[in-house]
Amino acid sequence: MNPEASQTPEPIDERLAEKQEENNAVEHPVNPSVESVVETGSISPSEDYATFEPLISNAEVVDSTVELTENSNGEFVAQLEAENVALGSEIGAENQSLYAEAEQRVAELQSTQAALKAEIAKLQGFYENLQAQVSETQTSLGRLVQESLVQLEQRKQTLQISVEQLERRQERIRNEMRTTFAGASQDLAIRVQGFKDYLTGSLQDLASAAEQLQLTPSVVEREKPSVKEAKPVEPQPGMPQFAQQQFQDTTKQIRRLIDQYRNKPDYYGPPWQLRRTFEPIHAERVSNWFFTQGGRGGLRTMGSRLQNILIASAAISILHKLYGDRVRTLVLANTPERLGEWRRGLQDCLGIGRPDFGPDRGVVLFEASDAVAQKADRLTKANQLPLIIIDDSEEQISLSLLQFPLWLAFAPDPKAVRNYDDDF
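Residues numbered from 1 in each chain as written. Predicted model: local features only at pLDDT ≥ 70, side-chain atom pairs only at ≥ 80, totals over all residues. Heavy atoms only, no water.

Chemist: Please clarify how the overall build of the chain should be interpreted in this entry.
Modeler: Along the chain, the regular secondary structure elements total nine helices and five strands. Secondary structure elements of the chain occur, N-terminal to C-terminal, as α-α-α-α-α-α-β-α-β-α-β-α-β-β. When each of the 424 residues of the chain is scored for burial, the buried share is 27%. Working note: accessible area of the chain is about 29300 Å², and carbon and sulfur atoms make up 54% of it. (Helix = DSSP H or I, 4+ residues; strand = E, 2+ residues; numbered from the N terminus. Buried < 20%, exposed > 50% of the residue type's maximum accessible area, 1.4 Å probe, protein only. Areas by Shrake-Rupley, 256 points an atom, 1.4 Å probe, with all protein chains shown as cover.)

Chemist: Help me out: how do you make sense of the packing of aromatic side chains in this one?
Modeler: To describe a pair of aromatic rings, one takes the distance between the centres and the angle between the planes. The tally for this structure, following the rule as stated, stands at four aromatic pairs. Look at phenylalanine 290 and phenylalanine 291: their rings are 6.5 Å apart centre to centre, the planes differ by 45 degrees, and that puts the pair in the tilted class. A residue is classified by how much of its surface remains accessible, and phenylalanine 290, at 0% relative accessible area, is buried. Summarising the aromatic geometry, the rings of tryptophan 342 and phenylalanine 410 are spaced 6.3 Å apart at their centres and angled 40 degrees between planes, so their arrangement reads as tilted. A residue pair is termed long-range when its members are at least 10 positions apart, and tryptophan 342 in helix α8 (residues 336–350) and phenylalanine 410 in strand β5 (residues 406–411) qualify at 68 residues. Tryptophan 342 sits in the buried class, given a relative accessible area of 0%. For phenylalanine 410, a relative accessible area of 3% puts it in the buried group. Feature note: the residues Trp289, Phe290 and Phe291 constitute an aromatic cluster, connected by ring pairs. When the ring centre of phenylalanine 291 is taken as reference, the NZ or CZ atom of arginine 255 above it lies at 4.1 Å. (Phe/Tyr/Trp six-rings, centres within 6.5 Å; stacked < 30°, edge-to-face > 60°. Lys NZ or Arg CZ within 6 Å of the ring centre and 35° of its normal.)

Chemist: When you look at the sheet that holds β5 in this model, what are you seeing that I'm missing?
Modeler: Where strands meet in a sheet, backbone hydrogen bonds hold them as pairs that are either parallel or antiparallel. If you walk across this open sheet you meet the five strands as β1-β5-β4-β2-β3, and the pairing is parallel. Sheet topology places β1 (296–300) and β3 (363–366) at the edges, where each strand pairs with a single neighbour. Between one strand axis and the next, the sheet turns through 20 degrees on average, direction left out of account. One ladder, built from six bridges, connects strand β2 (residues 327–332) with strand β4 (residues 385–390); its direction is parallel. In the sheet register, leucine 332 faces β4, and the bridge partner there is isoleucine 390. Most of the contacts of α8 go to β3, to which it runs at about 165 degrees, and overall it touches β2, β3, β4 and β5. (Pairing = 2+ DSSP bridges. Axes fitted to C-alpha atoms, helices over the stretch in contact; angles between N-to-C directions. Contact = heavy atoms within 4.5 Å.)

Chemist: Which parts of the structure should I look at to understand unusual backbone geometry?
Modeler: Residues other than glycine predominantly adopt negative phi, and peptide bonds predominantly adopt the trans conformation. The backbone phi angle of tryptophan 272 is positive, close to 70 degrees, even though this residue is not glycine. Look at tryptophan 272 and you get buried, because its relative accessible area is 15%.

Chemist: Mind showing me how you'd approach the pattern of salt bridges here?
Modeler: Should their charged atoms come close, side chains of opposite charge can pair. Inspection of the entire model under this criterion finds nine salt bridges. A salt bridge links aspartate 391 to arginine 305; its shortest N-O distance comes to 3.2 Å. With a gap of 86 residues between them, aspartate 391 in the loop between β4 and β5 and arginine 305 in helix α7 (residues 305–323) connect regions that are remote in the sequence. Each member of the salt-bridge network shares a partner with another, and the members are Arg305, Glu341, Asp391 and Asp392. (Salt bridge = Lys/Arg side-chain N within 4 Å of Asp/Glu carboxyl O.)

Chemist: Honestly, the nonpolar core in this entry has me stumped. Any pointers?
Modeler: One broad rule of soluble globular proteins: the nonpolar side chains tend to lie buried together. Phe278, Phe290 and Leu346 are the most contacted members of the largest nonpolar core, which has 39 residues in total. Breaking this core down by element, the ones donating at least two residues are α5 (248–263), α6 (280–292), α7, β2, α8, β4 and β5. Here this core takes nine residues from α7, the largest share from any one element. With near-sequence residues (within four places) excluded, leucine 346 lies in contact with Ile309, Ser313, Ile316, Val331, Gly351, Ile352, Phe357 and Val363. (Core = buried A, V, L, I, M, F, W, Y, C linked by side-chain atoms within 4.5 Å.)

Chemist: Sorry if this is basic, but what is going on with the packing of α5 against α6 here?
Modeler: When two helices pack together, their arrangement is given by the angle between their axes and by how far apart the axes lie. Contact geometry for α5 and α6: axes closest at 10 Å, N-to-C directions at 165 degrees. The angle between the axes of α5 and α6 places the two elements in the roughly antiparallel class. Crossing of α5 over α6 shows right-handed handedness. On α6, the residues touching Thr251, Ile254, Arg255, Ile258 and Arg262 of α5 are Pro280, Ala283, Val286, Ser287, Phe290 and Phe291. (Parallel < 35°, antiparallel > 145°, perpendicular 65-115°, else oblique. Left-handed = near helix turned anticlockwise from the far one by under 90°.)

Structural data, given as structure tokens:
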């Protein structure tokens, strides 16, 4: 035995109290240390022999306590390990489930993204198709509008032409109603008056013949016919003569007027003066009519009624310069349409108006040659100078018109067949 241990003995009660405190401390901590318990249970070799037996008993108690503590600690550790394993497994399962859910969500989002991209691409293609259709529609509409405008313009021009034709037809009908009907009535009155005069003159001649009638015939010796000297025919006063030598002044004046119309046309001159361009061919025709034919003859048509009207207008203008208001122009054509064209052409070439046309005016229009002859006869008796103009549409010329001093007939060209209805 150790003498030093016996000299300093420790009280047993204190040691037991400390061991109980240590046991209590071992029960309460989460992870108790076995070494501390073993250390507390160790006995110093220097302790006294006297106290060894109670210490043995105490050591047994301590050993049992340590064993219990160790057993309880092992179970607790095992339980903690089991709980840790279970908790780890639960956490792992939860993490796996979270990972799976996240992956599933990501996959869903990716599929949604792909679907949205496909939808966007589809919408972009649809938008491009719509743009192409809109541009095509705009082009088609522009083309359609342009074609419609062209068609409407053509229809407008056609309608304007139709309206102008109808207006001209209306004007011709009005002129026909105003002039032709009145002229026909006047011609009828003239014919009645002429027949009356003829009957009166015939009755007077019959009465004078009856007065001079001898009931008993007397024998009268036949006298030998005496040869009379032929006397030159003297021109009647007031009758125009253009081809004779004694009318040189008139010839010079006519040539001067023709040269004036050809070289210095006056488009704003007074009425009854030519206001249109006069070509050399027109001047040649007018000169031929005046100087070769003596104001009585026919000219070959120029191929157009307007050209014929120009030549006739030049002759009328020259005659008005020479004889003034004594000249009365009588135009003969077989249809009102042609008479209307003569009226418009004379108005345009001579600068005259509607008041200058009428039975007692400067220009008179006729459809029948008999009426022209009667009117010219009355004008001649009234010391007027009738100028008869015959349109080229007249196939035959009445012989009664050839007795008057001034007449101008336009003969149709036998080589050219014209359709006069195309002029209107």
